[in-house]
2 protein chains.
Amino acid sequence: MRFTSEASSDGVREQLFALGEIPGVLWTPTGAAGPRPLILMGHGGGQHKKAPGIVARARRFVAECGFAVAAVDVPGHGDRPNDEEYDRIATENRARVDAGEELAPLIAGFQALVARQTVPEWRAVLDAVQDLDHVGAGPVGYWGVSLGCGLGVPFVAAESRVRAAVLGLGGALVSAEAAARITVPVEFLVQWDDERVPRAQSLALFDALASAEKTLHANPGKHGEIPAFELDSTLRFFARHLG
Amino acid sequence: MRFTSEASSDGVREQLFALGEIPGVLWTPTGAAGPRPLILMGHGGGQHKKAPGIVARARRFVAECGFAVAAVDVPGHGDRPNDEEYDRIATENRARVDAGEELAPLIAGFQALVARQTVPEWRAVLDAVQDLDHVGAGPVGYWGVSLGCGLGVPFVAAESRVRAAVLGLGGALVSAEAAARITVPVEFLVQWDDERVPRAQSLALFDALASAEKTLHANPGKHGEIPAFELDSTLRFFARHLG
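Residues numbered from 1 in each chain as written. Chains lettered and ligands numbered in written order. Predicted model: local features only at pLDDT ≥ 70, side-chain atom pairs only at ≥ 80, totals over all residues. Heavy atoms only, no water.

An account of the overall build of chain A is requested, with residue identities and associated values reported.
The helix and strand inventory of chain A stands at 8 helices and 9 strands. In terms of overall dimensions, chain A is globule-like: its C-alpha atoms have a radius of gyration of 17 Å, near the 18 Å expected for 243 residues. If you line up chain A on its principal axes, its C-alpha atoms span 55 × 40 × 30 Å. A buried classification covers 57% of the 243 residues belonging to chain A. Element-wise, carbon and sulfur atoms account for 50% of the exposed surface of chain A, whose accessible area totals about 9800 Å². (Helix = DSSP H or I, 4+ residues; strand = E, 2+ residues; numbered from the N terminus. Rg over C-alpha atoms; globule rule 2.2 N^0.38 Å. Buried < 20%, exposed > 50% of the residue type's maximum accessible area, 1.4 Å probe, protein only. Areas by Shrake-Rupley, 256 points an atom, 1.4 Å probe, with all protein chains shown as cover.)

I'd like a description of the packing of aromatic side chains, backed by residues and values.
All chains considered together, the criterion is met by 18 aromatic pairs over all chains. Between the aromatic rings of A:Trp122 and A:Phe155, the centroid separation amounts to 5.5 Å while the plane-to-plane angle is 75°, which identifies the pairing as edge-to-face. Of the two residues, A:Trp122 is situated in helix α3 (residues 103–130) and A:Phe155 in helix α5 (residues 152–158); the sequence distance between them amounts to 33 residues. For the pair A:Trp122 and A:Phe155, one class covers both residues: buried. For the ring pair B:Tyr86 and B:Phe110, a centre distance of 5.8 Å and an interplane angle of 80° mean the geometry is edge-to-face. Linking B:Tyr86 in helix α2 (residues 84–98) with B:Phe110 in helix α3 (residues 103–130), this pair joins segments that are 24 residues apart in sequence. An aromatic cluster is defined as three or more aromatic residues linked by ring pairs; in this entry it consists of A:Phe61, A:Phe237 and A:Phe238. Positioned above the aromatic ring of A:Trp192, the side-chain terminus of A:Arg199 is 4.0 Å from the ring centre. For B:Arg240, the ring lying beneath its charged end belongs to A:Phe229, and the centroid distance is 4.3 Å. (Phe/Tyr/Trp six-rings, centres within 6.5 Å; stacked < 30°, edge-to-face > 60°. Lys NZ or Arg CZ within 6 Å of the ring centre and 35° of its normal.)

Go over the relation of the copies chain A and chain B, please, and point to the residues and values.
When chain A is fitted to chain B, the residual RMSD is 0.0 Å, and the transformation amounts to a turn of 180° plus an axial shift of 0.0 Å. This pairing of chains is accounted for by a two-fold axis. Closest to the rotation axis within chain A is the C-alpha of A:His217, separated from it by 2.4 Å. Interface overlap between copies: 100% of the residues of chain A at the interface are likewise at the interface in chain B, consistent with a symmetric, same-surface contact. (Least-squares fit on C-alpha atoms with pLDDT ≥ 70 in both. Contact = heavy atoms within 4.5 Å.)

How would you sum up the nonpolar core? Please name residues and give values.
Judged by nonpolar contacts, the single largest core of 98 residues is most densely connected at A:Phe188, B:Phe188 and B:Leu216. B:Ile54, B:Val62, B:Val69 and B:Phe237 belong to the second largest nonpolar core, which has 26 residues in total. (Core = buried A, V, L, I, M, F, W, Y, C linked by side-chain atoms within 4.5 Å.)

Before we move on, could you go through the interface of chain A and chain B and cite the residues and values that matter?
Across the contact, 18 residues belong to chain A and 18 residues belong to chain B. Of the roughly 1500 Å² buried between chain A and chain B, counting both surfaces, carbon and sulfur atoms make up 61%. Taken together, the links from chain A to chain B amount to 2 salt bridges. For B:Asp207, the salt bridge identified is with A:Arg199, shortest N-O distance 3.5 Å. In this assembly, chain A and chain B are joined by 7 residue pairs in polar contact (both at pLDDT 80 or more). Broken down by element, the residue count for the side of chain A that touches chain B peaks at 6 residues, all from strand β9 (residues 214–219) of chain A. A per-class count over the side of chain A that touches chain B returns 8 nonpolar, 3 polar and 7 charged. Inspection of the sheet shows β9(A) paired to strand β9 (residues 214–219) of chain B by 3 bridges, in the antiparallel sense. In the strand pairing of β9(B), A:Ala218 is matched with B:Leu216. (Buried area = accessible area lost by both parts, 1.4 Å probe. Salt bridge = Lys/Arg side-chain N within 4 Å of Asp/Glu carboxyl O. Polar contact = N/O pair within 3.5 Å; in protein donor to acceptor, adjacent residues only side chain to side chain. Nonpolar A, V, L, I, M, F, W, Y, C, P; charged D, E, K, R; others polar. Pairing = 2+ DSSP bridges.)

Break down the side chain of B:Gln191 for me, with residues and values.
Mapping B:Gln191 onto the fold places it in strand β8 (residues 186–191). Filtering out sequence-adjacent residues up to four positions away, B:Gln191 remains in contact with B:Leu169, B:Asn219, B:Pro220, B:Gly221, B:Lys222, B:His223, B:Glu225, B:Ile226 and B:Pro227.

Give a description of helix α6 (residues 172–179) of chain A that names residues and reports values.
All names here are of chain A. When α6 is considered as a whole, its buried residues turn out to be Ala172, Val174, Ser175, Ala178 and Ala179. Here the buried residues of α6 occupy an arc of 150° about the axis, which is enough to place them on one side. Residues of α6 that are buried make contact with α3, α4 (147–150), α5 and α7 (199–208). (Arc of directions from axis to C-beta.)

Quick rundown of unusual backbone geometry? Include the residues and the values.
All names here are of chain A. Phi at Asp10 is positive, roughly 50°, even though this residue is not glycine. Looking at the secondary structure, you find Asp10 in the loop between β1 (2–9) and β2 (12–19). Asp10 gets classed as exposed once you look at its relative accessible area, which sits at 73%.

If you want it as structure tokens, here you go:
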């Protein structure tokens, strides 16, 4: 693990790093020492580890809860090179949608493919980040919606260090089987008028989670329009389960 | 409006009252003076104005938010005499369910009938309670699930003083038409394994609400098993919209 830059503002320290070929960012409270809860965040499709929605949430997790937060670029995103195979599939999928095919099953197939790469990558990131003195081996949470849900469900199912997860904007097509292996508390976000994920698919993914404690929060609006007050709820959810 | 008893504990003053034939209870902060937000609470079927679930929530609204809270007995409940017509219909409905009829439409018809009486009753209670110096004409919220939702939806739709409502455990059969006239923020509670309200009916009632801000919170469990953490969310919801 190699740190490439560092900055600090408003009590939050931000360190860019590379773990092999994976570019990442770690946020911790300025001056933090010793173990603390860690939240791994998965960004959305076409976004990256420092997308505004990731940074805004990460800074609040650090500033208000004292947590550590890590995010990495998904293959083909952010500071990573284009992946020829993924690019080819994405181009094919766009053509198939233009030709009238349904979007959701295509997204599902693509995310399942990428998850086979990201699950081991993210586990390696957890290993490396938890080795740092100012992070340590505390409880781990996961936050990810949309692509971050499609990749997050198989990750949370596979990784026993994760004790609680916020997921959503994703459907059962991509990950119902993995969801049935998730038993930790989940807060699951649904946009009631999601133009990308059919409502029934969202409800079916929530239904598939094996967690005894799971809460579905549905709000009006399109895929990208999660209301601001849900972040307050997310903070309390993680504080309750990891704090 | 006639007060019949009064007590105070842990900073919460409890006054029993009668408004004509309607027995009620008013909770306010001990020593309160001047106007404040008021929450009207509607109890569940077979319960009453001082059912444990009502009292526990009311005391927290008062103690943590400084609100006033009022609850009254629904006809045929609590300190009210049996209502012969309602009793007759309830008996008939039990026989129809025993004979294999679906429960939900029978509940819906019954609640629609009772609401024609409770909507004007509750408006009269609001008038009387808001005339008190220690309540005053502040913003009003409504909380009610199950029967409290079936009676609450037409009440919230009719009463413009209500600025925010927590509803749930109710289906579209009883009140979709009234729900389409509700435009204030709503937090809507669904029990995912509700044995009394079909899931599709719950989702359809949420869908029918015309509110620009509405949030559905669904949790695993049966009709009576709303998890405790939802009360924390309810408190924040009312504080945000009435505080």
